[in-house]
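Examination of the molecular architecture
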Amino acid sequence: MSRALFVRTLLRNTRATAVRITPSSTFALHIRSRTYQQSSVNMSAHKLCMIPGPVEFDQAVLDAMSTPATSHVSPNFIEKFGSALELLRSVFLAPTGQPIVVAGSGTLCWDMVAANLLEPGEDVLVVNTGVFGDWFGECLQVYGAKVHHVRAAFGDRPTLEQIGNALAERKYKMITITHVDTSTGVLTDIKAIAALVKEKSPDTLIVVDGVCSVGAEELRQEEWGIDVALTASQKAIGVPPGLAIMVASQRALQVADQRKAEPRTYFGSFKKWLPIMRNYEARKPSYFATPAVQLILALEQSLRQLVDQGMDARFAKHREASKIVKDHLETKGLKLVPVNREVAANTLTAVYYPTNVPGPELLQKIGAGGVVVAGGLHPQHAAKYFRIGHMNVSAVNPNNNHIKQTLQAVDGALKGNIPVLSARL
């Protein structure tokens, strides 16, 4: 097919904003489409992304961010940002919480928590289930906190008894809990830990790192008494990377407001961002630092989908997808990293490599089958295991066959035969 004929055929099915054909053998098309139209080259180049984030995205979410340059104080953007903030309360199940959305990685939320809620010398208890507990602790120390960890063996989580004993040792300003640690695939029991803290140390702020859980694992922020739940856009929230997202309780906001020392941050200061969030929600233009306009447009679209699906239904679908993956891998003789299913996350599966296939070779063969999965992350065990993410559309939309294709690719890699996968449309 000639380039000109290809262009005419494509434009009949798309809304094109600009077309540029160069004298060279390649050409560029700049298109906006309500239907997902790509060149066959791009389609074949994309491998199914089944890592623990970024995840695969819904096409409507990608379409929402495919806009021309848009002012952050334009009426249409103000409406979308305000709507996104309101929808976050429904996703976090925190009807009186204060949503905050800032351009940055989810890790930025750690800094904001530490800088706004802690003062130098205050004690923090970290419920540690992997690398992200280690790193959150490092971040807290940067801001002067005295950090104490309660740990478990690789693939396990601290018991309630361990946490209770730690709470009895001293008065903690804060406890941090990683809901799902993506380095181990371990899930913590947030509801039970929060209840324990309320009983043993009611003044202690409860902070949940939900980067790999919010929007997929059951989390009822207000009902369970969680003061801050934080996440990032690129996992179960279902938006490309670039947004740090949190919801703070009224108690947390009061603590931040009554602190003695000024926050040890400028960009991450609640004093700077709270008026901005409140103004956008009131549908008023506001400015401190330029928000990630297109990402927030995508966020509003994705959050609307999550709320329309219903959070309970979404939690259930992620549990179902997780069971399918874990059951299948265990039937192939593979061993999960979490010590049992009770402590295993529903948003990803961490699994040991088979003894007869080198890890890098297995990952390469899975990739040759059209699927990208992740290697290990824990520095002491990284060479022993790999990780499969199953979040967002890959978990809640079974008709897209993401789970099926992933397991086919794993099976083929284990056999040494790469399955031929059908085209992904």
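Coordinates for the structure precede this section.
Read on for an overview of the structure. Fair warning: this is a prediction, and the values are worked out from it, not measured in the lab.

Reading the values: rules and limits
- Residues numbered from 1 in each chain as written.
- Predicted model: local features only at pLDDT ≥ 70, side-chain atom pairs only at ≥ 80, totals over all residues.
- Heavy atoms only, no water.
- Helix = DSSP H or I, 4+ residues; strand = E, 2+ residues; numbered from the N terminus.
- Buried < 20%, exposed > 50% of the residue type's maximum accessible area, 1.4 Å probe, protein only.
- Expected span 1.5 Å × (residues − 1).
- Contact = heavy atoms within 4.5 Å.
- Pairing = 2+ DSSP bridges.
- Axes fitted to C-alpha atoms, helices over the stretch in contact; angles between N-to-C directions.
- 1 Å grid on protein atoms, 1.4 Å probe; cavity = no way out; pocket = protein on both sides within 12 Å on 5 of 7 lines; lining within 4 Å.
- Points joined across faces, edges and corners; volume = space filled by probe spheres on them.
- Salt bridge = Lys/Arg side-chain N within 4 Å of Asp/Glu carboxyl O.
- Parallel < 35°, antiparallel > 145°, perpendicular 65-115°, else oblique.
- Left-handed = near helix turned anticlockwise from the far one by under 90°.
- Nonpolar A, V, L, I, M, F, W, Y, C, P; charged D, E, K, R; others polar.
- Polar contact = N/O pair within 3.5 Å; in protein donor to acceptor, adjacent residues only side chain to side chain.

Moving on, we come to the overall build of the protein chain. A count of helices and strands for the protein chain gives 16 helices and 16 strands. Looking at the protein chain as a whole, 53% of its 425 residues qualify as buried.

When the terminal C-alpha atoms of helix α16 (residues 402-415) are compared, their 20 Å separation across 14 residues agrees well with the 20 Å that a helix rising 1.5 Å per residue should span. Among the 14 residues of α16, 10 are classified as buried, and the element is accordingly described as predominantly covered. Looking at α16, one finds that the buried residues are H402, I403, Q405, T406, L407, A409, V410, D411, G412 and A413. In this fold, the buried residues of α16 make contact with β3 (48-49), α13 (311-331), α14 (359-368), β14 (371-372), β16 (385-389) and α15 (393-396).

Now for the sheet that holds strand β5 (residues 123-127). Reading across the sheet, the 7 strands line up as β4-β12-β11-β10-β7-β5-β6 and stay open at both edges, with mixed pairing between neighbours. Looking at the sheet topology across the chains shown, the edges are occupied by β4 (98-103) and β6 (146-150). Sheet twist, expressed as the mean angle between neighbouring strand axes with direction ignored, is 20°.

Rolled over the atoms, a probe with the dimensions of a water molecule shows which regions are left empty. A complete count under the given rule lists 1 cavity of 30 Å³ or more for this structure. Roughly 70 Å³ of internal volume is contained in the largest cavity. Lining the largest cavity are 15 residues, with F81, V101, W273, A289 and P291 positioned closest to its centre. Mapped by element, the contributors of at least two residues to the lining of the largest cavity are β4 and α11 (270-281).

We now examine the pattern of salt bridges. Summed over all chains, the structure comprises 17 salt bridges. A salt bridge links R151 to D134, with the nearest nitrogen and oxygen atoms 2.8 Å apart. Within this pair, whereas R151 is found in the loop between β6 and α7 (160-169), its partner D134 is found in helix α6 (residues 131-142), the two being separated by 17 residues in sequence. With a shortest N-O distance of 2.9 Å, R341 and E330 are connected by a salt bridge. Note that R341 is positioned in the loop between α13 and β13 (348-352) and E330 in helix α13, a separation of 11 residues in sequence. In this structure E330 comes out as partly exposed when scored by relative accessible area, which is 39%. A single network of salt bridges, built from pairs that share partners, joins K323, D327, E330 and R341.

Turning our eyes to something else, we now look at the environment of I51. Mapped onto the elements of the fold, I51 is located in the loop between β3 and α3 (59-64). The class for I51 is buried, based on a relative accessible area of 17%. Distance in space between the C-alpha atoms of I51 and I388 is 5.3 Å, their sequence separation being 337 residues.

A sheet is described by the order of its strands in space; here 3 strands give the open sequence β13-β16-β15, paired in antiparallel fashion. The open sheet terminates on both sides in strands that have one partner only, identified here as β13 and β15 (374-375).

What follows covers the packing of helix α5 (residues 107-117) against α6. With their axes 9 Å apart at the nearest point, α5 and α6 run at an angle of 40° to one another. With respect to their mutual orientation, α5 and α6 come out oblique. At the point where α5 passes α6, the crossing takes the right-handed sense. Contacts between α5 and α6 involve W110, D111 and A114 on the former and, on the latter, F132, W135, F136, C139 and L140. Residues that form the contact of α5 with α6 fall into these classes: 7 nonpolar, no polar and 1 charged.

Okay, the packing of helix α4 (residues 75-92) against α11 next. At their nearest, the axes of α4 and α11 sit 7 Å apart, and the two run at 105° to each other. The angle between the axes of α4 and α11 places the two elements in the roughly perpendicular class. Contact residues: F77, I78, F81, G82, L85, E86 and R89 in α4; M277, Y280 and E281 in α11. Grouping the amino acids of the contact of α4 with α11 by side-chain chemistry returns 6 nonpolar, 1 polar and 3 charged.

Another aspect to go through is the environment of G359. Structurally, G359 is set in helix α14. Judged by relative accessible area, which is 9%, G359 ranks as buried. As a C-alpha pair, G359 and G375 span 16 residues in sequence and 7.9 Å in three-dimensional space.

Moving on, we get to unusual backbone geometry. Here the residue pair G53 and P54 is connected by a cis peptide bond, since its omega of 0° sits within 30 degrees of zero. The topology assignment puts P54 in the loop between β3 and α3. Phi angles above zero are rare outside glycine, and N401 is one such case at about 65°. Here N401 falls in the partly exposed class, since its relative accessible area comes to 33%.

This brings us to the environment of N116. Mapped onto the fold, N116 is located in helix α5. Taking C-alpha positions, N116 is 9.2 Å from A252, a pair spaced 136 residues apart along the chain. With residues up to four places along the chain from it excluded, the contact list for N116 reads A256, R259, P263, T265, G268, S269 and F270. Within polar-contact distance, the side chain of N116 engages the backbone oxygen of M112 at 2.7 Å. Among the polar contacts listed, one links the side chain of N116 to the backbone oxygen of G268, at a separation of 2.9 Å.

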